[in-house]
Amino acid sequence: MVERLAGLQRRTRADFTVVNCENAAGGRGVTPEIADQLFACGVDVLTTGNHVWAKQAIVDYLHKEPRLLRPDNFPTPPANSGAFGPPGSGVFIGRSRRGVPVAVINLQGRVFMQPIDCPFTGLERALEEIGDRAQVILVDMHAEATSEKLAMGWHADGRVSAVLGTHTHVPTADARLLPGGTAYCTDVGMSGPYDSIIGTRPDLALERMLTARPVRFQVGGGNVRLAGALVEIDPETGRATGIESILDPPGPLHAPEL
């Protein structure tokens, strides 16, 4: 997968690469070692979601690596409460290979997910933090409900360059430019084995569904694809000028032997 990503970056001449590493460590969370591998192959920013805390070792890594984000709308206790806030940050500001300032915002939805702070309020806070330091602004909206992702797209339209949905693993066919110049896609899809049930071995997922027993999942195998989106953005205005869904290798998702 790392080699495939590097080849895709070369073919598309990608200037800035964001990868959601939410399920990189055996299907749940990410480890420092995996994050380092992804950064080493040219990834600029890693985003996450509800599984960001799955691996204990990542907590210290979040403190020291600003390019690994967690959702910005995780609750932050009041300063006088004595409680510790979540490690890391949900906002990154850096530069592309061509020197263009780029900001990345990581948000998490609330519909059908754990109750956390409002992602729409989180967007406003993040945009205030970014200010005029970057015109190109990318949002990873990690959410279960398509309606909540769409709502974020329309809410942010004209104020960010792209709102790209993650979490549900299945690529959606609605990549488009919204009227205000924001590129949008409900879910950019899963990078991993497509002969699976959203990454899990089908027999184990089916056993849990058919028996209601707590079957331990394992990552599926076979028909590995890389999914994502290529967004073209005017660096002067921050407006998106194009968006294209990516599936590598391309073609129908049939198992290779079919």
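Placed above this text is the structure.
Everything quoted here is computed from the prediction, not taken from an experiment.

Engineer: Would you mind showing me how to read the overall build of the chain here?
Structural biologist: When its secondary structure is counted, the chain shows 6 helices and 11 strands. Computed over its C-alpha atoms, the radius of gyration of the chain comes to 18 Å, within 12% of the 18 Å expected for a compact globule of 258 residues. Counting only C-alpha atoms, the chain reaches 50 × 50 × 35 Å along its principal axes. The burial tally for the chain puts 48% of its 258 residues in the buried class. Partitioning the contacts of the chain with sequence separation of at least 6, the portion at a separation of at least 24 is 58%. Here the chain has roughly 12900 Å² of accessible surface; of this, 55% comes from carbon and sulfur atoms. Where the 24 positive side-chain charges of the chain centre and where its 29 negative ones centre are 3 Å apart.

Engineer: Can you walk me through the packing of aromatic side chains in this structure?
Structural biologist: Working definition: an aromatic ring pair is given by the centre-to-centre distance plus the angle between the planes. Using the criterion set out here, one finds 1 aromatic pair in the structure. In this structure, Arg-67 is placed above the aromatic ring of Phe-39, and the distance from its NZ or CZ to the ring centre is 3.9 Å.

Engineer: Help me understand the sheet that holds strand β6 (residues 162–166), please; the structure alone is not making it clear to me.
Structural biologist: Two modes of strand pairing occur in sheets, parallel and antiparallel, and in both the strands are linked by backbone hydrogen bonds. In spatial order, the strands read β3-β4-β5-β6-β8-β7; together these 6 strands make up an open sheet with mixed pairing. Each edge of the open sheet is held by one strand with a lone partner, namely β3 (91–95) and β7 (176–177). With 5 bridges joining them, β3 and strand β4 (residues 101–108) adopt antiparallel strand pairing. Bridge pairing in β4 links Ile-93 to Ala-103. Contacts between helix α4 (residues 119–130) and the sheet are confined to β3, β4 and β5 (136–142), with β4 contributing the most and set at about 160° to the helix. Contacts from helix α5 (residues 146–156) reach β4, β5, β6, β7 and β8 (183–185), with the element oriented near 170° to β6.

Engineer: Honestly, the pairing of strand β11 (residues 240–248) in this entry has me stumped. Any pointers?
Structural biologist: Regular strands place their side chains on alternate faces of the sheet. Here strand β10 (residues 224–233) pairs with β11 via 8 bridges, running antiparallel. Counted as the bridge partner of Val-231 is Ile-243 from β11. Two successive antiparallel strands, β10 and β11, enclose a turn made up of 6 residues, where Gly-238 displays a positive phi of approximately 80°.

Engineer: Honestly, the sheet that holds β11 in this entry has me stumped. Any pointers?
Structural biologist: One open sheet accounts for 3 strands, arranged β9-β10-β11; its pairing is antiparallel. One side of each edge strand has no neighbouring strand; the edge strands of this open sheet are β9 (192–193) and β11. Sheet analysis places β9 next to β10, joined by 2 bridges and oriented antiparallel. Its bridge partner lying in β10, Gly-192 is registered against Arg-225. Its contacts with the sheet put helix α1 (residues 2–12) on β10 and β11, and the angle it makes with β10 is roughly 30°.

Engineer: Would you mind showing me how to read the environment of Asp-248 here?
Structural biologist: Relative to the elements of secondary structure, Asp-248 occurs in strand β11. For Asp-248, a relative accessible area of 12% corresponds to the buried category. Note: C-alpha distance between Asp-248 and Leu-8 (240 residues apart in sequence) is 8.1 Å. The residues contacting Asp-248, other than those within four sequence positions of it, are Arg-4, Arg-11, Val-224, Arg-225 and Leu-226. Here Arg-11 takes part through its side chain, which lies 3.4 Å from a polar atom of the side chain of Asp-248.

Engineer: How should the packing of α4 against α5 be read in this particular structure?
Structural biologist: Working note: a packed helix pair is described by the angle between its axes plus the distance between those axes. Relative orientation of the contacting elements α4 and α5 amounts to 30°, with a least axis distance of 11 Å. Note on packing geometry: the crossing formed by α4 with α5 is right-handed. Residues Pro-119, Phe-120, Leu-123 and Glu-124 of α4 form the contact with α5, whose own contacting residues are Glu-148, Ala-151, Met-152, His-155 and Ala-156. Taken together, the residues of the contact of α4 with α5 sort by class into 6 nonpolar, 1 polar and 2 charged.

Engineer: Can you walk me through a nonpolar patch on the surface in this structure?
Structural biologist: A cluster of nonpolar side chains, namely Leu-206, Met-209 and Leu-210, defines an oily patch on the protein surface of about 370 Å² accessible area. Looking at the secondary structure, you find Leu-206 in helix α6 (residues 202–211). For Leu-206, a relative accessible area of 41% translates into the label partly exposed.

Engineer: Would you mind going over unusual backbone geometry with me for this structure?
Structural biologist: The amide bond that connects Asp-248 to the next residue, Pro-249, takes the cis arrangement and shows omega of 0°. Along the chain, the position of Pro-249 falls in the segment after β11. Located in the positive-phi region is His-169, a residue other than glycine, with phi close to 75°. On the secondary structure map, His-169 appears in the loop between β6 and β7.

The rules behind the values
- Residues numbered from 1 in each chain as written.
- Predicted model: local features only at pLDDT ≥ 70, side-chain atom pairs only at ≥ 80, totals over all residues.
- Heavy atoms only, no water.
- Helix = DSSP H or I, 4+ residues; strand = E, 2+ residues; numbered from the N terminus.
- Rg over C-alpha atoms; globule rule 2.2 N^0.38 Å.
- Buried < 20%, exposed > 50% of the residue type's maximum accessible area, 1.4 Å probe, protein only.
- Contact = heavy atoms within 4.5 Å.
- Areas by Shrake-Rupley, 256 points an atom, 1.4 Å probe, with all protein chains shown as cover.
- Lys, Arg positive; Asp, Glu negative; His and termini not counted.
- Charge placed at Lys NZ, Arg CZ, Asp CG, Glu CD.
- Phe/Tyr/Trp six-rings, centres within 6.5 Å; stacked < 30°, edge-to-face > 60°.
- Lys NZ or Arg CZ within 6 Å of the ring centre and 35° of its normal.
- Pairing = 2+ DSSP bridges.
- Axes fitted to C-alpha atoms, helices over the stretch in contact; angles between N-to-C directions.
- Polar contact = N/O pair within 3.5 Å; in protein donor to acceptor, adjacent residues only side chain to side chain.
- Left-handed = near helix turned anticlockwise from the far one by under 90°.
- Nonpolar A, V, L, I, M, F, W, Y, C, P; charged D, E, K, R; others polar.
- Patch = residues over 30% accessible without salt bridge, like charges linked within 9 Å, V, L, I, M, F, W, Y side chains within 5 Å.
- Salt bridge = Lys/Arg side-chain N within 4 Å of Asp/Glu carboxyl O.

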